[in-house]
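Observations on the three-dimensional arrangement
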Amino acid sequence: MAKIEPLPAWSLLSRSSVTELLARPDGGPPSVIRLGLGLDAISASKMPLLATLRLMLIRAQANGGLTLTATHAVSRADTRGLFDALDWPDYDKAQVLAANKVLNEADVMPVETTRLIAQAAKFLRRRERKLLTTKVGLDLATEDQSLELFHRLFTLVFWRIDLGSLDRVPIDRWPQDHVGLVL
């Protein structure tokens with residue numbers, strides 16, 4: 001008996017469906033993509049990026065901002081405080097600590113990535129040597145705003161932000177041009 005190989009889902013799409021999934025009318029998701037209705041605020045608030053972003057916004061608000069280095073990275077003290085509080089799946093904190101005497105922002109991927117995304121989303125803004133929470137960031141840092149925060153970050157990360165800016169490797173926007181099709 002011959003083995004039947006499954007067809008990739010994208011091969012079942014019509015030309016018009018592919019065109020709709022690749023459309024980016026306002027730089028955001030195509031209108032044919034909708035986030036599932038089953039996502040609740042509690043589930044959204046537990047997502048690593050949202051939880052880390054919330055930690056960062058709350059810490060910045062409580063301390064009059066996050067201190068920045070001369071190269072505009074988060075200071076070692078703030079990086080360590082965020083590192084200690086964060087919970088990121090499959091991120092081995094013990095391994096990071098074994099490899100680093102002190103923690104610079106670049107040594108802690110979740111902190112660096114979250115900061116870059118938060119600044120791109122305009123939830124944090126730089127003022128001299130401080131990174132301050134914006135009004136929008138403060139409003140979205142509350143638990144009851146988890147779904148709105150998720151929607152904004154989903155759109156930003158998959159359609160608006162230059163993903164190459166997160167690791168300084170230019171990627172020429174490829175994934176974002178086809179995210180609708182991939183999803």
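For the structure itself, consult the block above.
Please read these numbers as outputs of a predicted model, since none were measured by experiment. (Residues numbered from 1 in each chain as written. Predicted model: local features only at pLDDT ≥ 70, side-chain atom pairs only at ≥ 80, totals over all residues. Heavy atoms only, no water.)

A look at the sheet that holds strand β3 (residues 130-133)
Across the sheet, three strands lie side by side as β1-β3-β2; this open sheet has antiparallel pairing. Either end of the sheet is taken by a strand with one partner, and the two such strands are β1 (66-67) and β2 (124-127). As paired elements, β1 and β3 share two bridges and run antiparallel to each other. Across the sheet, the residue bridging to L66 is L131, located in β3. Sheet contacts for helix α3 (residues 48-62): β1, β2 and β3; angle to β3, the most-contacted strand, approximately 105°. (Pairing = 2+ DSSP bridges. Helix = DSSP H or I, 4+ residues; strand = E, 2+ residues; numbered from the N terminus. Contact = heavy atoms within 4.5 Å. Axes fitted to C-alpha atoms, helices over the stretch in contact; angles between N-to-C directions.)

Observations regarding the nonpolar core
The biggest cluster of nonpolar side chains holds 39 residues, and the ones touching the most others in it are I117, F123 and L153. Where this core is concerned, the elements lending two or more residues are α3, α4 (76-85), α6 (109-120) and α8 (146-160). The element best represented in this core is α8, accounting for seven residues. In this view, I117 contacts L49, L153, L156, V157, I161 and L166; residues no more than four positions away in its chain are not counted. (Core = buried A, V, L, I, M, F, W, Y, C linked by side-chain atoms within 4.5 Å. Buried < 20%, exposed > 50% of the residue type's maximum accessible area, 1.4 Å probe, protein only.)

Some words on α6
Relative to the 16 Å expected for twelve residues at 1.5 Å per residue, α6 spans 16 Å between its end C-alpha atoms, a close match to the ideal helical length. Burial of α6 is extensive: nine of the twelve residues sit out of reach of the surface. Residues of α6 that are buried include every one of P110, V111, E112, T113, T114, R115, L116, I117 and A118, and no others. Check the buried side of α6 and you find it contacts α3, α4, β2, β3 and α8. Looking one or two residues past α6, K122 carries a phi angle of roughly 65°, positive in sign. (Expected span 1.5 Å × (residues − 1).)

Section: the packing of aromatic side chains
Tallied over the entire structure, the rule returns two aromatic pairs. Taken together, the ring pairs connect F150, F154 and F158 into an aromatic cluster. Its guanidinium or amino end placed over the ring of F83, K93 lies 5.2 Å from that ring's centre, counting from NZ or CZ. (Phe/Tyr/Trp six-rings, centres within 6.5 Å; stacked < 30°, edge-to-face > 60°. Lys NZ or Arg CZ within 6 Å of the ring centre and 35° of its normal.)

A look at the packing of α3 against α8
Packing of α3 against α8 brings their axes to within 11 Å, and their N-to-C directions diverge by 110°. By the angle between their directions, the pair α3 and α8 is classed as roughly perpendicular. In this structure, α3 contributes L49, L50, L53 and R54 to the contact, and α8 contributes S146, L149, F150 and L153. Within the contact of α3 with α8, the residues separate by chemical class into six nonpolar, one polar and one charged. (Parallel < 35°, antiparallel > 145°, perpendicular 65-115°, else oblique. Nonpolar A, V, L, I, M, F, W, Y, C, P; charged D, E, K, R; others polar.)

So, the pattern of salt bridges
Applying the stated criterion across every chain yields a total of six salt bridges. Across the pair R80 and D84 runs a salt bridge whose closest N-O atoms are separated by 2.9 Å. Of this pair, R80 and D84 both sit in helix α4, separated by four residues, roughly a single helical turn. Residues K135 and D139 are paired through a salt bridge, measuring 3.1 Å at the closest nitrogen-oxygen approach. A residue pair is termed a helical-turn pair when its members lie 3 or 4 positions apart in one helix, as K135 and D139 do in helix α7 (residues 135-140) at four residues. Take K135: its relative accessible area is 62%, and that puts it in the exposed class. (Salt bridge = Lys/Arg side-chain N within 4 Å of Asp/Glu carboxyl O.)

Here we look at the packing of α3 against α4
Direction vectors running N to C along α3 and α4 enclose 135°, while the axes themselves pass 10 Å from each other. Taken together, the axis directions place α3 and α4 in an arrangement best described as oblique. Considering the relative orientation of α3 and α4, their crossing is right-handed. For the pair α3 and α4, the contacting residues are L55, M56 and R59 in the first and A77, D78, G81, L82 and A85 in the second. Taken together, the residues of the contact of α3 with α4 break down into five nonpolar, one polar and two charged. (Left-handed = near helix turned anticlockwise from the far one by under 90°.)

Keep in mind these values describe shape, not function.
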